[in-house]
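# Report on the structure
Here's the letter readout for the chains.
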Amino acid sequence: MKKILIVDDSIGMVRMISSVLEKEGYLAVGISDPSKIEQTIDSEGPSLILLDVVMPERDGFQVCRSLKNSQAYKSIPIIVVSGKSTASDRFWAEQQGANGYVVKPFAPVDLMREVRRFA
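A brief structural summary.

Rules and cut-offs
Residues numbered from 1 in each chain as written. Predicted model: local features only at pLDDT ≥ 70, side-chain atom pairs only at ≥ 80, totals over all residues. Heavy atoms only, no water. Helix = DSSP H or I, 4+ residues; strand = E, 2+ residues; numbered from the N terminus. Contact = heavy atoms within 4.5 Å. Polar contact = N/O pair within 3.5 Å; in protein donor to acceptor, adjacent residues only side chain to side chain. Salt bridge = Lys/Arg side-chain N within 4 Å of Asp/Glu carboxyl O. Buried < 20%, exposed > 50% of the residue type's maximum accessible area, 1.4 Å probe, protein only.

As a further point, take the environment of glutamate 38. Tracing the backbone through its elements, the reader meets glutamate 38 in helix H2 (residues 37-44). Considering only alpha carbons, one finds glutamate 38 and methionine 1, 37 residues apart in sequence, at a separation of 21 Å. Each residue touching glutamate 38, except ones within four places of it in the same chain, is listed here: Arg58, Ser66, Leu67 and Tyr73. Among the polar contacts listed, one links the side chain of glutamate 38 to the side chain of arginine 58, at a separation of 3.0 Å.

If you want it as structure tokens, here you go:
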């Protein structure tokens with residue numbers, strides 16, 4: 001069973017995404033504090049990360065850039081899941097190393113289409 005890490009400062013969003021993933025047979029691990037992402041990756045070993053953008057202290061673009069510049073984490077695919085929906089937001093996510101992009105609110109089928117591309 002593939003493990004997916006969800007990083008979103010909204011606990012409700014973490015729960016909702018977890019529910020969608022688990023119904024599709026994935027194991028979901030969620031955190032709401034982006035400062036704990038490296039520690040959680042080390043302990044959980046996810047095969048994919050779903051990453052919000054607008055979070056306190058470290059935004060998703062900073063987290064993505066940091067992970068993709070790290071020898072230890074750069075091979076883990078990252079899908080940005082954000083309410084930011086402009087072409088420039090998508091472009092900026094791509095520039096930071098994101099592998100995919102899903103705009104909130106999303107239909108579960110749209111989220112799963114992106115997840116299946118990488119997990």
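Another aspect to go through is the environment of proline 108. Note on placement: proline 108 falls in helix H5 (residues 108-118). Once the C-alpha coordinates of proline 108 and leucine 21 are considered, the two residues, 87 residues apart in sequence, prove to be 8.8 Å apart.

What follows deals with the pattern of salt bridges. For the structure shown, the criterion picks out 9 salt bridges. Among the ionic pairs, glutamate 44 bridges to lysine 3, the shortest N-O distance being 2.9 Å. Of this pair, glutamate 44 sits in helix H2 while lysine 3 sits in strand S1 (residues 3-7), placing them 41 residues apart in sequence. Overall, glutamate 44 belongs to the partly exposed group, its relative accessible area being 30%. Across the pair glutamate 114 and arginine 117 runs a salt bridge, and its minimum N-O distance is 2.8 Å. With glutamate 114 and arginine 117 both in helix H5 and 3 residues apart, this pair spans about one turn of that helix. When its relative accessible area of 12% is taken as the criterion, glutamate 114 is described as buried. When salt bridges that share partners are traced, they join Asp8, Asp52 and Lys104 into one network.

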